[in-house]
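Structural overview for review
Read off the chains here:
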Amino acid sequence: MKTIILSAFVLVALSACKKETTNTENNSETEDSISQVVEKPAAKPLPEVSPAKTGDFLAKKNDTLYVTNFFATWCGPCVQEIPHFKKKIEEFKGQPVKITFVSLDQKEVWNSKVPAFTQEHGIENHTVLLDGQLLDQNFFSSNFKEWTGSAIPFTFMRKGDKTVETLGNISEQQLNEKIASLLK
């Protein structure tokens, strides 16, 4: 009888050890798969522009169509527009059309959140940083007919002497129509 009880005890102990070993093996498999996760490369720093440089850029008058979108990463309507602009970037690749995103995010997130956001949305090569704290009424009145800086998103388009301003969210159809009107 002692032999049967001892055998049963040994079997229970061995099965418990076997379960523990199995758990250990499963944990190591999990660790292996985690270590194989490929991380995205770190987002590159974005160029900073001054209000004066931005004003010079907005004033360019030549045969290129300049589409400038003022946005922030925290702005829902701004984020909704990005795919429309990305389609246009692809559509006009190699043509005299330049689409630029101007981030008005706070400087505290210029080296972290904004580069990660632009990389995630595939616009890092088309985005510059502008310190909105430096923009005064003179900046707005010198560069725009309508925009006073009170809200975003804001899109400014120029080709030669013709300009189009859009305050608020721009739909894909509106973007297509406005670009087409300037390319005539």
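The following paragraphs examine the structure supplied in this document. (Residues numbered from 1 in each chain as written. Predicted model: local features only at pLDDT ≥ 70, side-chain atom pairs only at ≥ 80, totals over all residues. Heavy atoms only, no water.)

Topic: the overall build of the protein
- Looking only at helices and strands, one finds 6 helices and 6 strands in the protein.
- Counted from the first residue to the last, the protein has its helices and strands arranged as α-β-α-β-α-β-α-β-α-β-β-α.
- Burial analysis of the protein (184 residues in total) assigns 37% to the buried set.
- Pairs at least 24 residues apart make up 69% of the contacts formed inside the protein by residues separated by at least 6 positions. (Helix = DSSP H or I, 4+ residues; strand = E, 2+ residues; numbered from the N terminus. Buried < 20%, exposed > 50% of the residue type's maximum accessible area, 1.4 Å probe, protein only. Contact = heavy atoms within 4.5 Å.)

A word on the nonpolar core
- Ranked by size, the top nonpolar core spans 36 residues in total, and within it Phe70, Phe101, Leu104, Phe144, Trp147 and Met157 carry the most contacts.
- Only strand S2 (65-71), helix H3 (76-91), strand S3 (97-103), strand S4 (127-130), helix H5 (137-143), strand S5 (154-159) and helix H6 (172-183) provide two or more residues apiece to this core.
- Sequence-distant contacts of phenylalanine 144, that is, excluding residues within four places in its chain, are made with Leu58, Phe70, Phe139, Phe154, Phe156 and Glu165. (Core = buried A, V, L, I, M, F, W, Y, C linked by side-chain atoms within 4.5 Å.)

Re the pattern of salt bridges
- Scanning the model with the defined rule gives 4 salt bridges in all.
- Of the charged contacts in the structure, one is a salt bridge between lysine 61 and aspartate 161, with a shortest N-O distance of 3.5 Å. One end of the pair, lysine 61, is in the loop between helix H2 (51-58) and S2; the other, aspartate 161, is in the loop between S5 and strand S6 (162-167), with 100 residues separating them in the sequence. Of the two residues examined, lysine 61 and aspartate 161, each falls in the exposed class.
- The partner of glutamate 90 in a salt bridge is lysine 93, and the shortest N-O contact between them spans 3.7 Å. (Salt bridge = Lys/Arg side-chain N within 4 Å of Asp/Glu carboxyl O.)

Section: the packing of aromatic side chains
- Summed over all chains, the structure comprises 15 aromatic pairs.
- Centroid distance phenylalanine 70 to phenylalanine 154: 6.1 Å. Interplanar angle 40°. Geometry classified as tilted. Taken together, the residues span a long stretch of sequence, with phenylalanine 70 in strand S2 and phenylalanine 154 in strand S5 at a distance of 84 residues.
- The class of phenylalanine 70 is buried, set by a relative accessible area of 0%.
- Here the aromatic rings of phenylalanine 140 and phenylalanine 144 are separated by 6.4 Å at their centres, their planes lie at 40°, and the arrangement is tilted.
- Under the relative-accessibility criterion, phenylalanine 140 is labelled buried at 7%. (Phe/Tyr/Trp six-rings, centres within 6.5 Å; stacked < 30°, edge-to-face > 60°.)

A word on the sheet that holds S5
- With mixed pairing, 6 strands are arranged side by side in an open sheet as S1-S4-S3-S2-S5-S6. Each edge of the open sheet is held by one strand with a lone partner, namely strand S1 (48-49) and S6.
- One ladder, built from 5 bridges, connects S2 with S5; its direction is antiparallel. Following the sheet pairing, asparagine 69 is matched in S5 by threonine 155.
- This element, H2, spans S1, S2, S3, S4 and S5 of the sheet and lies at about 145° to S2. (Pairing = 2+ DSSP bridges. Axes fitted to C-alpha atoms, helices over the stretch in contact; angles between N-to-C directions.)

So, the packing of H3 against H6
- The interhelical angle for the contact between H3 and H6, taken along N-to-C directions, is 40°, at an axis separation of 9 Å. Classified by the angle between their axes, H3 and H6 sit oblique to one another. The hand of the H3/H6 crossing is right-handed. Residues His84, Phe85, Lys87 and Lys88 of H3 touch H6, and the partners they reach there are Glu172, Leu175, Asn176 and Ile179. (Parallel < 35°, antiparallel > 145°, perpendicular 65-115°, else oblique. Left-handed = near helix turned anticlockwise from the far one by under 90°.)

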